[in-house]
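Observations on the three-dimensional arrangement
One letter stands for each residue in the lines below.
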Amino acid sequence: MVLADSTAPATAGRVPARQPYRDPTRANRARALQNTRTWARLALFTVALLVAFGSLSTLIDGVVWWIASALTIVLPVLAIGIATQLGRRSWQPFVAGFGVAVVSLTFGYARDAALFGIIPTFDTLGRWGELVNAGILSITTQRIPAEATEGILFLLAILAVVSVVFIAPALDRVPAVAALPLLVVLDIPVAVRAGIAEPHWFVFVVIAYLALLRIGRRRMPLTSVLGTAAVVVVGSLLLPAAFPPAREVVNDANTGVGTGLNPLIDLGDDLRRDDTVTAVTYVTDAPGGLYLRLATLDEFNGINWEPDSSTDPDNDVAEFPPPDGLTDEVPRAAYSATIQVGDVGGRWLPLPYPATSVQGLEGDWRWEPDGLAVRSSGADARGQEYDVTFLDIQPDLAQLTADLEPDVPSRYLALPNEMPEVIAQTAEQVAGTGSTYQKAIALQEFFTSGDFDYSVDAPVDEGYDGTGVGVIERFLEVRSGYCVHFASAMAVMARTVGIPSRIVVGFQPGEAEDIDGVPGFTVSSADLHAWPELYFEGIGWLRFEPTPGRGSFPDYSSIEAIDDPTTPEFEGVNPSAVPVDPSPAAPNLPDEETVVDGTITVEEQNPAPIITAIAVFALALLLTPAGVRVLVRLRRMRRVRAGDAAAAWAEIRDTAHDHDWVAPDSETPRQLGTRLAIVVGHEPVARLQDGVESAAYDRPGSLTMTVDDVAELRHAIASAAPLGVRLRATFLPPSLMARAGFGSKPPPVE
Amino acid sequence: MSDYSVANAGGSGTGTHANSEQAPTAPISTAEFLLDARAVIAAIETVIDGKRSVIETAVTVLLAEGHLLMEDVPGVGKTMLARALARSVDCSVSRIQFTPDLLPADITGVSIYNQAEREFEFKPGPVFANIVIGDEINRASPKTQSALLESMEERQVTVDGASYALPEPFTVIATQNPIEMEGTYALPEAQRDRFMARISMGYPDQAAEAAMLRTRETGSPLDRLAPVVTLDRLRKMVDTVRAVFVSPAVEQYAVAIAAATRTDRELRLGASPRATLQLVRASKARAALDGRDFVLPDDIDALAVPVLAHRLIPSRSSASGALGGEALADITSRIVAATPVPLGASGAV
């Protein structure tokens, strides 16, 4: 026998039967494939989540918030992916994602309250709590679209982090769970206001989600894909129905006045509302009522007036700078007032102009250097009570007509490049060729002399509500509108004739009334008002009142005794608060207390939807295991009724597993039954075991089991376990975790 | 009865299957089967004390029409068990003591020229018996071993071109010494594969050993052992075992275990398809011995080590000595413990 001849074929012949070792290259390929799939799932999940967050753009202004959210999504996802690839234990990706999420939340939002900027401490937690409160507050007080304050950013970051950290590690086992955060995020706009959500976001998210489901399951039948798509779409449409409390809260919150980032935007809505609330009460030693300013809007982009955003972060409201442009020669009187803010939520503090000091505020308030408006990034004006000292500027005619060249930043004179000709033409015609002051008075008179009607509804009905140049063009034609239109038109026209201008949003003086026995004023939400301020070199900013029937003319505007006998002696002296109607042409003008129909609703953004969404999300996360377990059980019981003993046994095995029994699937019914019988008694086990054995392994048509048998044994197993174990069995069933693969790392594919 | 006697030798040249002749007789009931099977086990227990599970496995193999390999150190009663099993059934038994000079013809029989008849006449060897006890099978040369092993698999003997069917049932109970010794030829894996099960006797516990001391003083208990079942009855019992139902789930389970042995890291050679077949067959016998007419995964579990372990080759140690054998049993147990048990046709939910 020749060795070479005999061994070679023998070896060759054995190879197929033997498979002595795992083929290392094959194992590597399988691992590589697994890793590729993991990354693909994570990538699709990330894309879907980013798109879902994109759908919030209907609620939040700008893109910075989205980029910030994207960072808090991408970083934990990367960590989870790397940990999945390198780690051996199933908890490692979760821990990695959680760690990175905590570090990024710390670094991004509480850097200075953390060790080395990244290690959270108790201070960090405190800061986070503040941010959450601030976020909720700024959602409460802002209108759609809201400015992305740090608090809102933080809330979004939490939503992002929770979505990623709890869902991404499970994607390999249960890709379908990706739907949970996606639906929650997508439904926030739906919950805030029906009809605001934009469908294309849904479409993109659903596409990414379906692609995610398809990874590694190329043979998924089309019906499944369509079925899933249908479930996702229908589910996303139905989910908003789970938000009734949020909607109720939205309605409740309509009682207050919100002053968001730009109070001008919703001013019309607030004027049209049918339920007025007390906005401010104040007592002052000044002779008459006060115009209380909220925000100064000096940047006009052709469509909107925007507030100056250059807040000096380090100033103190106890001492204000001298007002812009005011020289020492101008006569003035100093007064003080005690102001109590009522139901006005928001970041703007009602103050007279120019204030010199504010005392007694709670929270962090800063003055704006140009307009001297006071705002806060975290605190709320609602309920504040404070003392303010302010000046009453009383320029004389010589000063007013000095006609000095204005020395102001160019934005006070900026106009859009494309403006309807009619605005400048009208302005020049109206203003004439006098001094700056005469031009301003002429413009004010142009609006108040009777040619213009005051109406909060006409612009809406006619479709030209707003402040843009197109609106002004229409307004000059229709000659009907409310304070926003008058203020914007006068401010723009003033700029066309070279007078620096800006718009102020605030309250007209209100109604004289005793406040705690002291004569004072009560300002209601219907007193919300907007007016222009024009700049005079050497004097500064002066208020004008172009709106007919609202507020009062300032003293200086009647210095020349321009033919207006109704001019009050001092601004705001308007004891009845029912303004003299200077417009006989419009006897039926609605005033500020107009009751309007409900077609235009007050759109106040409320924190409830996002809070509710997060709460629902958390609750859903919490209850998901229990729910899935119940579903699994119901499905099995249905099959038990149909005679499927395997389902019965699987249920018993999982029940045992849930109650701390080690019940591997490599155990036969008899083996587990023997062990169970020791604790729960021989009788129920034996019956079920016989049933299972016969049904599973005997000839078809043999004895089967009943649902009652299973229920009895389930009960026996559960009642033998301590309460803690039973609770865990209900809410965090280990059998489900094992099924989802959390118990151990799944074997490589193939 | 001589250990070397040849009785009931099937001398016919045709390969007629004995079982077909038994078909018309009425099958026995489960109760009758159990009664007889327990009688056999009880009879053997009078000889071998305290080895219930070993005895049951041996009876299982007998009823499953398999061959049994008993591997253990000398003096623990391997041959005694084999003889007791053979004796409890009223059938032909032969015993072959394997030695290095044993020739194939000493087993199968020879054709002798009959001068009176002027033709060759076949003289059946000791293999022509219902139960063949092969003592120390690894002492014989590979050539001789293979002669026996061929007859085990084919259940017939071919001498000089003529085939002679072996009697039905036909069971070989072989013993071998696991310790490497001079002059032994370890059975190649292909031949070990022919044995349905390998069992180790193990040392008796102290009480059993003490009891043995007393009983052996008064003569061999084997002499007092009388057959408890007839050959006809044994055939019917075999038929009963054949009729035991194996559900697809159990088949799937057996296949899964076999497949797992083929991919296990610690094994160089896994279980063959024949091993799977014999595992299921043995499980049927065990189920019948348990009074069932269907196989449970528990039967597979219980028999996996005896039926599979001796066919496996570990990947690390080249020797399959005593240590190797125990290691293989452990590996087999581990594989069984890790293989999910399918539940019914629908599988696990």
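Position labels on residues start from 1 in each chain and follow its written sequence. Note on labels: chains are lettered from A, ligands numbered from 1, in written order. Note on the predicted model: pLDDT of at least 70 is required for a residue's local features to be given, and 80 or more for side-chain atom pairs to be given and counted; whole-chain, interface and lining totals, by contrast, use all residues.

Another point: helix α2 (residues 30–45) of chain B. Residue and element names in this part refer to chain B. Helical segments are the DSSP runs of H or I of at least four residues, strand segments are the runs of E of at least two, and each set is numbered from the N terminus. For a helix, the expected span equals 1.5 Å multiplied by the number of residues minus one. With 16 residues, α2 extends 22 Å between its outermost C-alpha atoms, agreeing within 8% with the 22 Å of an ideal straight helix rising 1.5 Å per residue. Counting other C-beta atoms within 10 Å of each residue's C-beta, where C-beta atoms are placed from the backbone, gives the exposure class: buried for 20 or more, exposed for 12 or fewer, partly exposed between. Buried within α2 we find Phe33, Asp36, Ala37, Val40, Ala43 and Ile44. Along the axis of α2, the buried residues cluster in a sector spanning 120°; they form a single face. Turned more than 90 degrees away from the buried face of α2 sit Ala31 and Ala42, all of them exposed. Contact between two residues is assigned when their C-beta atoms, built from the backbone, lie within 7 Å. Of the surrounding secondary structure, the elements contacted by the buried residues of α2 are α3 (52–63), α4 (78–88), β2 (89–90), β11 (229–230), α10 (231–242) and α12 (273–289). An arc is given here, and it is the one of the directions from the helix axis to the C-beta atoms.

Turning to the packing of helix α13 (residues 421–431) of chain A against helix α16 (residues 469–478) of chain A, a few remarks are in order. Residue and element names in this part refer to chain A. Contact geometry for α13 and α16: axes closest at 9 Å, N-to-C directions at 55°. Regarding the angle of α13 to α16, the classification is oblique. Judged by the twist between their axes, the crossing of α13 over α16 is left-handed. Mapping the contact onto sequence places Val422, Ile423 and Thr426 in α13 and Val469, Ile472, Glu473 and Leu476 in α16. Any residue that is not Ala, Val, Leu, Ile, Met, Phe, Trp, Tyr, Cys, Pro, Asp, Glu, Lys or Arg is counted as polar, Gly included; the first ten are nonpolar and the last four charged. Here the residues of the contact of α13 with α16 are counted per class, giving 5 nonpolar, 1 polar and 1 charged. Note on geometry: axes are lines fitted to C-alpha atoms, helical ones only across the stretch in contact, with angles between N-to-C directions running from 0 to 180 degrees. Angles are sorted into four bins: roughly parallel if under 35 degrees, roughly antiparallel if over 145, roughly perpendicular if 65 to 115, and oblique for all others. Handedness of a crossing is defined here by the sense of rotation of the near helix relative to the far one, left-handed for an anticlockwise turn of less than a right angle and right-handed for a clockwise turn.

Inspection of the sheet shows strand β17 (residues 528–536) of chain A paired to strand β18 (residues 540–543) of chain A by 4 bridges, in the antiparallel sense. Bridge assignment links A:Tyr535 to a residue of β18(A), and that residue is A:Trp541. Pairing between two strands is assigned when DSSP locates at least 2 bridges connecting them.

What follows concerns the confidence of the model for chain A. Residues and elements named next belong to chain A. Every residue carries a pLDDT, the predictor's confidence in it, which falls somewhere between 0 and 100. Across chain A, pLDDT averages 75, with 77% of residues at or above 70. Counted against residues more than four places away or in other chains, residues 561–605, with its pLDDT under 50, gives 93 contacts. With pLDDT under 50 throughout, residues 742–750 is counted as low confidence; its partners more than four residues away or in other chains account for 17 contacts.

Moving on: the UniProt feature "transmembrane region" (unreviewed entry) in chain A. Those places that UniProt annotates as "transmembrane region" (unreviewed entry) correspond, in this numbering, to residues 39–57, 63–83, 152–171, 191–213, 225–243 and 610–632 of chain A. Helix makes up 95% of residues 63–83 of chain A and strand 0%, with an end-to-end C-alpha separation of 30 Å. UniProt positions are given in the numbering used here, feature names are shortened, and annotations may be inferred rather than shown by experiment.

Further remarks concern the confidence of the model for chain B. Residues and elements named next belong to chain B. In this model, chain B carries a mean pLDDT of 80, and residues with pLDDT of at least 70 account for 86%. When pLDDT is averaged over each helix and strand of chain B, the minimum, 41, is found for helix α1 (residues 18–22) and the maximum, 91, for α12. Scored below 50 in pLDDT, residues 1–24 shows 38 contacts in the model against residues more than four places distant or in partner chains. In the predicted assembly, ipTM is 0.73 and pTM is 0.47.

Glancing now at the pairing of strand β5 (residues 332–341) of chain A. When strand β2 (residues 278–284) of chain A meets β5(A), the two strands line up antiparallel, connected through 5 bridges. Within β5(A), the position partnered with A:Val280 by the bridge is A:Val341.

Bringing the sheet that holds β18(A) into the picture now. All names here are of chain A. Strand order across the open sheet formed by 5 strands is β4-β3-β14-β17-β18, with antiparallel pairing between neighbours. Unpaired on one side and paired on the other, β4 (305–307) and β18 mark the two borders of the sheet. Along the sheet, successive strands turn relative to each other by an average axial angle of 40°, direction set aside. Here helix α17 (residues 483–496) sits on the sheet and contacts β3 (292–300), β4, β14 (501–507) and β17; the angle it forms with β17, its principal contact strand, is near 15°.

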